[in-house]
Amino acid sequence: MGISRSRPKRLSRRDFLKVGGTGLAGAALLGAAGCGGGEQSGGATELYFTAPEDTTGTTSKLISQFNEMNKGKYKVIFQKGNSDTGQRLDKLRTQFQAGGENIDIILGDIIWTAELAESGWISDLSNRFPQSQQQAYLPGSVEAIIYNGKPYGMPWYTDTGLLYYRKDLLQNSGYKGPPKTWDELKQMTTKVIADSDTRFGFLFQGARYEGGVCDGCEFIWSHGGNVLDPSDPTKVVIDSPQAIAGLETERSMITDRIAPEAVTVYKEDESAGVFLNGDGVFLRNWPYVYALVGDPAESKLKPEQVGVSELPSADGKPGNGTVGDQPLYISTSSKYPDAAWKFIEFLSAPEQQRFRALEGSFLPTRSDLYDDREIQDSVPVVALAKEALQHTRPRPVSPYYSDMSLEMAEQFNASLSGDTPPEEAARTLKAALENIIEQGKEASS
Ligand code: GLC
């Protein structure tokens, strides 16, 4: 789906974005008055916090703690958003187009900042989060909240794709450590399955959604390919031999019987669920899964059975995980931005980030927490991530990212499922992305 479809000519760039993306509402809605966020009830200011469900339980604990500390003053109300980041953004767009009622604080995604800021839906935080404070955070996480030189969010936790592996099974089959190349991963999978009767080999996210985009990009990057040319992001290079080789390797995971066909519909939770049930040898997922390994309610595995490493690559250099960052934004429709900021300050403070790392294996965005002894000792995934974050890659940064993502999700999934040969998928995708970039240029001129 190209953005040209729904773009009425007379709309400004900002208005176009507001009705664009998935084209959920008409321009008539643009005039709707901002209805604001929470209410004053029983003396306490009610603040609506929209975020996906957090299976580690750490978010709800922090909300209760904040509410307890601020009894009679502020009350944060959790509003569960879809765990699929694309569907969550679709809903937010609809809500904003209708005036943004009951949205104060948003747990966002790195890929949303440009679109939400450009649409005027999230607040410029220059006065609340000045450069002097930004220095305490990971540079990549600060980049994730900057749009047109201004900060539009507060970094909360960062994310990257990692490889989880069954340490015990690999050892039983005579392997000393995790695979460095995709070929090694295949060889190990075949042997471990033969030796141990494990049902499945490599589990990852191949469904037609944002997570499928992340995994597809990782296969491309770890073969030396790219989506856009890093030195000229208006140039699409998704049809390079390296990028096509990445998509071919992804597809070969199914044809070589390394991954079950079901990976074509797996998102994070499905793939993690199979692995945590003891039915997989390898899993590509984000750091939060590490906390679930140690939770008997979520996992049949014990922490000592699971190792975690950087992703493999074609040539044995560390693979490239996708940068995921989850910032906190304040909605421009909020009636209580000062109160919303109090909550954001609380969540992002060192103690709370530390708690989330220890209890939920979420990667902190405050740089000094990577030197925290207790975190280093008890959450190995954080120590590993310090190294892995050196090799991560961002998805394209653009106010039109949603449109690009829909195209990538469609073609990566078609290639993985065997519906379209990888080379043809890459060529189709190149044309679609070029069209979006072209339309974006016209809209901003
Ligand atoms: C994780 C990442 C996010 C990404 C999403 C894809 O939540 O942090 O950046 O878009 O997964 O499913």
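Conventions and cut-offs
Residues numbered from 1 in each chain as written. Predicted model: local features only at pLDDT ≥ 70, side-chain atom pairs only at ≥ 80, totals over all residues. Heavy atoms only, no water. Helix = DSSP H or I, 4+ residues; strand = E, 2+ residues; numbered from the N terminus. Contact = heavy atoms within 4.5 Å. Areas by Shrake-Rupley, 256 points an atom, 1.4 Å probe, with all protein chains shown as cover. Lys, Arg positive; Asp, Glu negative; His and termini not counted. Charge placed at Lys NZ, Arg CZ, Asp CG, Glu CD. Buried < 20%, exposed > 50% of the residue type's maximum accessible area, 1.4 Å probe, protein only. Polar contact = N/O pair within 3.5 Å; in protein donor to acceptor, adjacent residues only side chain to side chain. Near = heavy atom within 4 Å. Nonpolar A, V, L, I, M, F, W, Y, C, P; charged D, E, K, R; others polar. Phe/Tyr/Trp six-rings, centres within 6.5 Å; stacked < 30°, edge-to-face > 60°. Pairing = 2+ DSSP bridges. Domains from an automatic or database assignment. Buried area = accessible area lost by both parts, 1.4 Å probe. Salt bridge = Lys/Arg side-chain N within 4 Å of Asp/Glu carboxyl O.

**What about the overall build of the protein?**
Tallying secondary structure elements over the protein gives 18 helices and 15 strands in all. Expressed as lengths along the three principal axes of its C-alpha atoms, the size of the protein is roughly 65 × 50 × 35 Å. In the protein, 75% of the contacts between residues at least 6 apart in sequence involve partners at least 24 apart. Just so you have it, the protein exposes about 18300 Å², and 47% of that area is on carbon and sulfur atoms. Counting 45 positive and 60 negative side-chain charges, the protein places the averaged centre of each group 2 Å from the other.

**Examining the environment of Phe-282**
By the element assignment, Phe-282 lies in strand E12 (residues 282–285). Overall, Phe-282 belongs to the buried group, its relative accessible area being 0%. Once residues lying within four places of it in the same chain are set aside, the contact partners of Phe-282 are Leu-163, Tyr-164, Tyr-165, Leu-170, Pro-179, Leu-185, Met-188, Thr-189, Gly-201, Phe-202, Leu-203 and Phe-275.

**Focus: the environment of Thr-85**
Note on placement: Thr-85 falls in helix H3 (residues 85–97). Residues Thr-85 and Tyr-74, eleven residues apart in the sequence, show an inter-C-alpha distance of 28 Å. Of note is the side chain of Thr-85, whose polar atom sits 2.8 Å from the side chain of Asp-109.

**Focus on the site of the ligand**
Around the ligand, 13 residues are found, and the nearest of them are Asp-109, Asp-159, Glu-268, Gln-326 and Arg-395. Within the side chain of Gln-326, an N or O atom sits 2.6 Å from an oxygen atom of the ligand. Interatomic distance of 2.7 Å between a side-chain N/O atom of Arg-395 and an oxygen atom of the ligand. Across the complex, the protein chains shield 91% of the 310 Å² of accessible surface that the ligand would expose by itself. Counting residues per element, the ones that place at least two in the shell around the ligand are helix H9 (210–221) and strand E14 (323–330). When its residues are assigned to classes, the shell around the ligand shows four nonpolar, four polar and five charged.

**What about the packing of aromatic side chains?**
Under the criterion given, the structure shown has 13 aromatic pairs. For the ring pair Phe-49 and Phe-343, a centre distance of 5.3 Å and an interplane angle of 75 degrees mean the geometry is edge-to-face. With Phe-49 in strand E2 (residues 44–52) and Phe-343 in helix H13 (residues 337–348), the pair connects residues that are 294 residues apart, well separated along the chain. Seen from their ring centres, Phe-66 and Phe-346 are 5.3 Å apart, and the 50 degrees between their planes marks the pair as tilted.

**Considerations on the side chain of Ser-313**
Looking at the element boundaries, Ser-313 is found in the loop between strand E13 (306–309) and E14. A polar contact of 2.9 Å, which involves the side chain of Ser-313, links it to the backbone nitrogen of Gly-316. Reaching out from Ser-313, the side chain makes a polar contact with the backbone oxygen of Lys-317 at a distance of 2.6 Å. Non-local contacts of Ser-313, meaning those with residues more than four positions away in its chain, are made with Lys-180, Thr-181, Trp-182, Ser-222 and Gly-319.

**A few points about the pairing of E13**
Here is the key point about a regular strand: its side chains alternate between the two faces of the sheet. Alternating positions in E13 separate into two faces, Val-306 and Val-308 on one and Gly-307 and Ser-309 on the other, with burial throughout. Bridge count for strand E8 (residues 162–166) against E13 is four bridges, and the pairing is antiparallel. Residue pairing for E13: Tyr-165 is matched across the bridge by Gly-307.

**Some words on unusual backbone geometry**
The residue Asn-102 is not glycine, and still its phi comes out positive at about 55 degrees. In this structure, Arg-257 takes a positive phi of about 60 degrees despite not being glycine. With respect to the secondary-structure elements, Arg-257 resides in the loop between helix H10 (241–255) and helix H11 (268–276). Using a relative accessible area of 73% as the deciding quantity, one classes Arg-257 as exposed.

**Some thoughts on the domain arrangement of the protein**
Each assigned domain of the protein is listed here: domain 1 (22–159 + 323–390) and domain 2 (162–309). Relative placement of domain 1 and domain 2: their C-alpha centres are 28 Å apart. If you look at the interface, domain 1 gives 18 residues, while domain 2 gives 15 residues. For the pair domain 1 and domain 2, the summed buried surface comes to about 1300 Å²; carbon and sulfur atoms form 70% of the total. Measuring nitrogen to oxygen at the nearest pair gives 2.8 Å for the salt bridge that ties Asp-84 to Lys-267. Counting the contacts that link domain 1 with domain 2 gives three residue pairs in polar contact (both at pLDDT 80 or more). Considering every element that reaches the side of domain 1 that touches domain 2, the biggest residue donor is helix H16 (residues 380–388), with four residues. Taken together, the residues of the side of domain 1 that touches domain 2 break down into seven nonpolar, eight polar and three charged.

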